[in-house]
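One letter stands for each residue in the lines below.
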Amino acid sequence: MNHFRIFLVCLCACMAGVASGQQAVLGPDARISVITCGPGTDLYAQFGHSAFRVQDPARGLDWIYNYGTFDFDTPNFYMKFARGKLRYALSRNDFANFLYTYQLEGRWVSEQLLDLNPGQKTALFEYLERNNRPENRYYQYDFLAENCATKIPDVLREVLGPGLDMVSGFSGDGRTYRELIQQNLQVNSWSSLGIDLALGAVVDRKASPLGYSFLPEYVRQLVGDATLGGEPLILRERDILDLPNPVNIRYFTANPLFWALFLLVFTATISWIDFRNGSRSRWLDFLLFLTTGLAGLLIGFLWFFTDHTSTVWNFNILWAFPVNGYIAFKLLQKRKPDNRLRRYLIALLGLMGVCLILWATGVQAFHPVVAILWSALALRYLLLIHHLKKPA
């Protein structure tokens, strides 16, 4: 009886091996294509999406291979996401379900059918299937180098080899990574301001032609211009869902420019009153210094304590100075601060001057709204310096 059980186990294992071997074989009418999806209204969806589609009528399969999957149930999800330690994964789903989701979100979907021979199709399918195994599907996400879009040219180059040319037909237009990111965002939006504050000078370098592939729309252009063995890589291109890009309607009073201008006018008004009366509004100083100090701590955290590669060398920390958080509580006291604070304020003005130089020389671009914040802060710093010059 034991021998019979062993025989059954071995037989099942052999059959499973045969089945898995057959699974990677595509029929003669199989098709593989690159799918590009348009932007959505949520921040994570505003850059679009890229994926592979595999169809095989002989086997009745129509699958989407998506390298942009992550699990909200991951332990310590938000901390891992903030520290750049969240792992993304390849997932395989039915294309019909995938398409239905994008239809509900009102996002366009296009398809580029790859012109591959049967051997190349099988090799690409086998690669995706191997990557979809539990031990292989996870990878360390990086916004610029390892995301759902960059995986498309990476996989194609690895599977199709040196005969694939993805850059000769696409030269780019000399834009920096920051400019490429911002073109997908509304300039006068909190997402645009927040991303600019979080990203460092490393994103102000010019992107190489292949560097554009961190954005799905440029992956579509790269694939469309690519050649394989001197022939076009794609056989044809079509729109599966022909929908316009969604429009986010925002009222001016809900945008950062309005609140930055409000802060400037409010700070200027209170500062003028303080100047005329020879007084100092301690709560205004407290709020300005505490806010910039906390912003500086966040910038420092993203720079020094995370694995994000695009948040290092962030010179926003020169004006959103972390020490301001400590100074805020000093300024809240009724007694007049000593002369060391005056020297500190002069240094803060100097650091903002350094930011202007870095901006002018192209070392790091700053969000336009930040210039208004600088004006409000500089105005308040000058008043405090004047106030501290007076005898106690």
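Everything numeric here is computed off the predicted structure, so don't read it as measured data.

## Looking at the nonpolar core
With 52 residues, the main nonpolar core has Phe52, Leu114, Leu124, Leu156, Val223 and Leu233 as its most contacted residues. Looking at this core, the elements with two or more residues in it are β1 (31-37), β2 (49-56), β3 (61-69), β4 (87-94), α4 (118-131), α5 (151-160), α6 (177-182) and α8 (216-225). Ranked by the residues each element gives to this core, the list is headed by α5, at five residues. The contact partners of Leu233, leaving out residues within four places of it in the chain, are Leu113, Leu114, Asp115, Leu116, Leu156, Leu160, Leu164, Val223, Ala226, Thr227 and Leu228. Counting 37 residues, the second-largest nonpolar core is a separate cluster that includes Ala320, Met352, Leu377 and Tyr381.

## Focus on the packing of helix α9 (residues 256-277) against helix α13 (residues 368-389)
For the pair α9 and α13, interaxial distance at closest approach is 9 Å and the crossing angle is 15 degrees. Our classification of the angle between α9 and α13 gives roughly parallel. The two elements α9 and α13 cross, and the hand of that crossing is left-handed. Counted together, Pro256, Leu257, Ala260, Leu261, Leu263, Leu264, Thr267, Ala268, Ile270, Ser271, Asp274 and Phe275 of α9 and Val369, Ile372, Leu373, Ser375, Ala376, Leu379, Arg380, Leu383 and His386 of α13 form the full contact between these two elements. Across the contact of α9 with α13, the residue classes break down as 15 nonpolar, four polar and two charged.

## Focus on the confidence of the model for the protein
Per-residue confidence for the protein gives a mean pLDDT of 89, with 93% of residues at or over 70. Mean pLDDT per element in the protein: helix α1 (residues 2-23) is the minimum at 38, and strand β5 (residues 109-114) is the maximum at 98. Taken together, the stretch residues 1-22 has pLDDT below 50 and engages in one contact with residues farther than four places along the chain or on a different chain.

## So, the environment of Ile195
Within the fold, Ile195 resides in helix α7 (residues 190-198). Since its relative accessible area comes to 17%, Ile195 is described here as buried. With 182 residues separating them in the primary sequence, Ile195 and Leu377 have C-alpha atoms 21 Å apart.

## Considering the pairing of β3
A regular strand places its side chains on the two faces of the sheet in alternate fashion. As paired strands, β2 and β3 are joined by five bridges and run antiparallel to one another. By the bridge assignment, Phe52 is partnered in β3 with Tyr65. Bridging between β3 and β4 involves five bridges; their strand directions are antiparallel. Of the residues in β4, the one forming a bridge with Thr69 is Ala89.

## What about the packing of α4 against α5?
For any two helices packed against each other, the geometry is given by the interaxial angle and the distance between the axes. At their nearest, the axes of α4 and α5 sit 10 Å apart, and the two run at 125 degrees to each other. Considered as vectors, α4 and α5 are oriented oblique to each other. With respect to the hand of their crossing, α4 and α5 are arranged in right-handed fashion. Judged by residue contacts, Gln120, Ala123, Leu124, Tyr127 and Leu128 of α4 engage Val155, Leu156, Glu158, Val159 and Leu160 from α5. Partitioning the contact of α4 with α5 into residue classes produces eight nonpolar, one polar and one charged.

## Things to note about the side chain of Thr292
Note on placement: Thr292 falls in helix α10 (residues 282-304). What makes Thr292 buried here is its relative accessible area of 7%. Here the side chain of Thr292 touches Leu288 through a polar contact of 2.9 Å, landing on its backbone oxygen. Apart from the residues within four sequence positions on either side, Thr292 is in contact with Trp319, Ala320, Phe321, Asn324 and Leu377.

## Observations regarding the pairing of β5
Taken across its six residues, β5 has six buried, putting it largely inside the fold. Residue alternation in β5 divides its side chains into two sets, Val109, Glu111 and Leu113 and Ser110, Gln112 and Leu114, and both sets are buried. Of the strand pairs in this sheet, β1 and β5 are connected by five bridges, and their pairing is antiparallel. Pairing of Ile35 across the sheet is with Glu111, part of β5. Relative to strand β10 (residues 234-241), β5 runs antiparallel, the two sharing six bridges. Note that in β10 the partner of Leu113 across the bridge is Arg236.

Analysis parameters
- Residues numbered from 1 in each chain as written.
- Predicted model: local features only at pLDDT ≥ 70, side-chain atom pairs only at ≥ 80, totals over all residues.
- Heavy atoms only, no water.
- Core = buried A, V, L, I, M, F, W, Y, C linked by side-chain atoms within 4.5 Å.
- Buried < 20%, exposed > 50% of the residue type's maximum accessible area, 1.4 Å probe, protein only.
- Helix = DSSP H or I, 4+ residues; strand = E, 2+ residues; numbered from the N terminus.
- Contact = heavy atoms within 4.5 Å.
- Axes fitted to C-alpha atoms, helices over the stretch in contact; angles between N-to-C directions.
- Parallel < 35°, antiparallel > 145°, perpendicular 65-115°, else oblique.
- Left-handed = near helix turned anticlockwise from the far one by under 90°.
- Nonpolar A, V, L, I, M, F, W, Y, C, P; charged D, E, K, R; others polar.
- pLDDT = per-residue confidence, 0-100.
- Pairing = 2+ DSSP bridges.
- Polar contact = N/O pair within 3.5 Å; in protein donor to acceptor, adjacent residues only side chain to side chain.

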